[in-house]
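Report on the structure
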Amino acid sequence: MSGTDVVVAPVSVNKTGRSYVQWGPIIGGAVIATAISTIMTVFGSAIGLSMVSADFEKSSSATALLVAGALWGLWVTVSSSIAGGYLAGRMREPTFDATPDERKVRDAAHGLLVWATGALLITILATSSLFGAAKTAATGAISASSGAASLISQNVDPLATALDNVMRTSGQQPVATEERNEASRIFVAALTNGRIEPADRDYLAERLAVRANISPQDAQKRIDDVFARLAQAKETAKQAAERARKIAILSAFLTAAALLVGAAAAAWGAGLGGEHRDENLLAETGAM
């Protein structure tokens, strides 16, 4: 050995303390996803309005509208999530301190963050005037789907119509306000109990017979017919409320499912964008 000793210093890898999460591409992808979702939602609302009409014969059924809306919402969610995730994965700064599988995981994580950030942005826009056009159009499509039924429910009161039939007079005895209110209370109680009491029925028939100058039998028949129409209107209202409840439940499940699919789409899009980013970087490195 020579008198000179050579000392080799250990090689250390300079590891930066920064996080693997890059918010620049995430925010950019979320903005792109929100913009695409907003534009396609407004466009879809216009399509939905073209499918409905106050005339039942010219309007699509509620089932068709629900299916079309669900498919369109799924398409909007998937396409916007893929676009935003792809942009985030493609623009993310590449890191070569990890295996290809690890880079895919990091890209997918950025895609999920794009999806979550975009969902927050859409929620904020949904409560602002900027998103008002889409909300108005969507609300109009839902309201118009009930068509003429909505117009009827707003302009015709079944109880008022029933009282008009019962309170008709030949002109000899005008109807007092208290008498009309009394008949209204009798019919409301009958609807609550599911049947009209015989004493109340006879009382109303007697008053109607005297006032309209008809026989007691005809008066009783008119009372029975009026109560039957009221009972039918009550049953129709119950069915409409039940149908609205089921639609609300189904819409909530479809919305949750679409959001989950959107998360998977964003992760996949980010992974695809990361693959294209690495392929182009390797091609440039090989050409140098």
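Residues numbered from 1 in each chain as written. Predicted model: local features only at pLDDT ≥ 70, side-chain atom pairs only at ≥ 80, totals over all residues. Heavy atoms only, no water.

**Brief notes about the nonpolar core**
One finds Val 166, Phe 187, Ile 196, Leu 204, Ile 223, Val 226 and Leu 230 to be the most contacted residues of the largest nonpolar core, which totals 21 residues. Those elements giving two or more residues to this core turn out to be helix H6 (158-166), helix H7 (177-193), helix H8 (198-212) and helix H9 (216-287). In this structure, Ile 196 is in contact with Ile 186, Phe 187, Ala 190, Arg 201, Leu 204, Ile 223 and Phe 227, ignoring residues within four places of it in sequence. (Core = buried A, V, L, I, M, F, W, Y, C linked by side-chain atoms within 4.5 Å. Buried < 20%, exposed > 50% of the residue type's maximum accessible area, 1.4 Å probe, protein only. Helix = DSSP H or I, 4+ residues; strand = E, 2+ residues; numbered from the N terminus. Contact = heavy atoms within 4.5 Å.)

**Observations regarding the pattern of salt bridges**
One pass over the full model with this rule turns up ten salt bridges. Ionic pairing is found between Asp 107 and Arg 92, a salt bridge with its closest N-O pair at 2.6 Å. With Asp 107 in helix H3 (residues 100-126) and Arg 92 in the loop between helix H2 (62-91) and H3, this residue pair connects regions lying 15 residues apart in the sequence. Overall, the relative accessible area of 1% leaves Asp 107 in the buried class. The shortest N-O distance in the salt bridge between Asp 107 and Arg 277 comes to 3.2 Å. Here Asp 107 is found in helix H3, whereas its partner Arg 277 is found in helix H9, with 170 residues between them in sequence. Neither residue differs from the other here; Asp 107 and Arg 277 are each classed as buried. Bridged by salt links that share partners, the residues Arg 92, Arg 103, Asp 107, Arg 277 and Asp 278 form one connected network. (Salt bridge = Lys/Arg side-chain N within 4 Å of Asp/Glu carboxyl O.)

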